[in-house]
Amino acid sequence: MQTKNIMIVGVGGQGTLLTSRILGGIAQLAGYDVKVSEVHGMAQRGGSVVTYVRYGDSVAEPLVEEGQADILIAFERLEAMRYIHFLKKDGILVLNDQRIDPVTVITGAFEYPEDIVEKLKARRTVVSIDAQSAAIGLGNARVFNSVIIGLVAKNLEFSKDDWLGIIEKTVPAKMIDINKEAFLLGYAV
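Residues numbered from 1 in each chain as written. Predicted model: local features only at pLDDT ≥ 70, side-chain atom pairs only at ≥ 80, totals over all residues. Heavy atoms only, no water.

### Some points on a negative patch on the surface
Judged by side-chain charge, Glu111, Glu114, Asp115 and Glu118 come together as a negatively charged surface patch. On the secondary structure map, Glu111 appears in the loop between α3 (103-106) and α4 (116-123). Judged by relative accessible area, which is 73%, Glu111 ranks as exposed. (Patch = residues over 30% accessible without salt bridge, like charges linked within 9 Å, V, L, I, M, F, W, Y side chains within 5 Å. Areas by Shrake-Rupley, 256 points an atom, 1.4 Å probe, with all protein chains shown as cover. Salt bridge = Lys/Arg side-chain N within 4 Å of Asp/Glu carboxyl O. Lys, Arg positive; Asp, Glu negative; His and termini not counted. Charge placed at Lys NZ, Arg CZ, Asp CG, Glu CD. Helix = DSSP H or I, 4+ residues; strand = E, 2+ residues; numbered from the N terminus. Buried < 20%, exposed > 50% of the residue type's maximum accessible area, 1.4 Å probe, protein only.)

Shown next as structure tokens:
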């Protein structure tokens, strides 16, 4: 199998690292060589966080180069805009349609860009969902990343049961049921 490149971008505290562990875990379960790399911007909640998951028959290095991501998962609109150049021309952007103002916007130094989703759709294939609202509807805003994982799962070759098994092995025990529910909600979209 040719190497599959997935990039996850968001801000600190959104679960990008957990998401990369779940994606890496499902690929490893399927017998692929897997490389996962985490790149942190600011090491606090609110700073930009990027993780890479690469899997295939043989993967030499963990980083995804510009223009090589098959799937870009963005947990926030501005982060999607910031990293869209990593996505292949025929790649898919899976976007959590959420706005989180960075410090520069909060302080008034910059304005949050308008029409980000429309601009992204003009450049690439975009699958957008308000995963935050979906997670809140389930009773726990923190599981929005599992909603996104469910949406991504439909674009990958692994079975739904294997996804649910990896979620069970990866998330804290008290969060298993709600994360599975969130995954299934995203999977059904």
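### What to know about the packing of aromatic side chains
Tallied over the entire structure, the rule returns 8 aromatic pairs. Both rings, one in Tyr32 and one in Phe158, keep their centres 6.4 Å apart while their planes meet at 70 degrees; by these two values the pair is edge-to-face. Within this pair, whereas Tyr32 is found in the loop between α1 (16-29) and β2 (33-40), its partner Phe158 is found in the loop between α6 (144-153) and α7 (160-170), the two being separated by 126 residues in sequence. Overall, Phe158 belongs to the buried group, its relative accessible area being 9%. (Phe/Tyr/Trp six-rings, centres within 6.5 Å; stacked < 30°, edge-to-face > 60°.)

### Details of the environment of Lys88
The topology assignment puts Lys88 in strand β5 (residues 87-96). Separated by 80 residues in the primary sequence, Lys88 and Ile8 place their C-alpha atoms 14 Å from one another. Not counting chain neighbours up to four residues away, the residues in contact with Lys88 comprise Gly67, Gln68, Ala69, Asp70 and Arg124. (Contact = heavy atoms within 4.5 Å.)

### Here we look at the side chain of Glu79
Tracing the chain through its elements places Glu79 in helix α2 (residues 77-83). Side chain to side chain, Glu79 and Ser48 meet in a polar contact 2.8 Å long. With residues near it in sequence (within four places) discarded, Glu79 still touches Val9, Gly10, Val11 and Ser48. (Polar contact = N/O pair within 3.5 Å; in protein donor to acceptor, adjacent residues only side chain to side chain.)

### Here's the deal with the packing of α1 against α6
Relative to each other, α1 and α6 sit at 35 degrees, their axes nearing to 10 Å. Here the hand of the crossing between α1 and α6 comes out right-handed. On α6, the residues touching Leu18, Thr19, Ile22 and Leu23 of α1 are Asn145, Ile149 and Val152. Here the residues of the contact of α1 with α6 sort into 5 nonpolar, 2 polar and no charged. (Axes fitted to C-alpha atoms, helices over the stretch in contact; angles between N-to-C directions. Left-handed = near helix turned anticlockwise from the far one by under 90°. Nonpolar A, V, L, I, M, F, W, Y, C, P; charged D, E, K, R; others polar.)

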